[in-house]
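Architecture and fold: a report
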Amino acid sequence: VQLQASGGGSVETGGSLRLSCAASGNIFYIQVMGWYRHTPGEQRELVASITNGGTTKFGDSVKGRFTISRDSDKTTIFLQMNNLKPEDTGVYSCHAIITTHDHYGTDYWGNGTLVTVSS
């Protein structure tokens, strides 16, 4: 299984960015997909996630500004980040819990993508 993330970049405060993450490989069932971020001086935190059933969850600091969606195959997720703030700067990593045809409920991580918000 691979998680391929794309998007990210540098924007000014108030700007928008969109991240995407595509899961591929020996996938039987995706239980949840989402994004975590690692910001300077802070521990990794949940940004947003979406379950197979469509339930979404957001970190408190991004509620009302970020949305998470997915394609019809439920293998690609999108994180729309609006009204970005300097404190959103960090490395965003895609995460998924996936059941393959061989293993149940395994954690997978994609490549991190850097988001930089300048003031």
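Right above here is the structure, for reference.
Sequence order as written defines residue numbering, which begins from 1 separately in each chain. Reporting in this predicted model follows two pLDDT cut-offs: at least 70 for local features of residues, and 80 or more for side-chain atom pairs to be given and counted; totals over whole chains, interfaces and linings ignore these cut-offs and use all residues. In computing side-chain values, all of the structure's heavy atoms are included and hydrogens and water are not.

Describing the overall build of the protein chain
Along the backbone of the protein chain there are 0 helices and 10 strands. Helix and strand definitions here come from DSSP, where helices need a minimum of 4 consecutive H or I residues and strands a minimum of 2 consecutive E residues; each element is numbered from the N-terminal end. N-terminal to C-terminal, the α/β element order of the protein chain is β-β-β-β-β-β-β-β-β-β. Only C-alpha atoms enter the radius of gyration; for comparison, a globular chain is expected to reach 2.2 Å times N to the power 0.38, where N is the number of residues. At 14 Å, the protein chain has a C-alpha radius of gyration in line with the 14 Å of a compact globule built from 119 residues. Overall size of the protein chain, expressed as C-alpha extent along the three principal axes, is 45 × 25 × 20 Å. Taken over 119 residues, the protein chain has a buried fraction of 40%. Between buried and exposed lies partly exposed: a residue is buried under 20% and exposed over 50% of the maximum accessible area for its type, with that area taken using a 1.4 Å probe on protein chains only.

With respect to empty space enclosed by the protein
Method remark: on a 1 Å grid restricted to protein atoms, a set of points is classed as a cavity if a 1.4 Å probe fits but cannot get out and as a pocket if it is open with protein on both sides within 12 Å along at least five of seven lines; lining residues have an atom within 4 Å of a point. Grid points are joined across faces, edges and corners, and a volume is the space filled by probe spheres set on the points. What the rule picks out here adds up to 1 cavity of 30 Å³ or more. Volume-wise, the largest cavity comes out at about 50 Å³. Lining the largest cavity are Ile30, Gln31, Val32, Met33, Ile50, Thr51, Asn52, Arg70, Lys74 and Ile77. Going through the elements one at a time, strand 4 (29-38) and strand 5 (44-51) are the ones with two or more residues in the lining of the largest cavity. Ranked by residue count, the leading element in the lining of the largest cavity is strand 4, at 4 residues. We call Asp, Glu, Lys and Arg charged. Ala, Val, Leu, Ile, Met, Phe, Trp, Tyr, Cys and Pro are nonpolar, and the rest, Gly among them, are polar. For the lining of the largest cavity, the class distribution of residues is 5 nonpolar, 3 polar and 2 charged.

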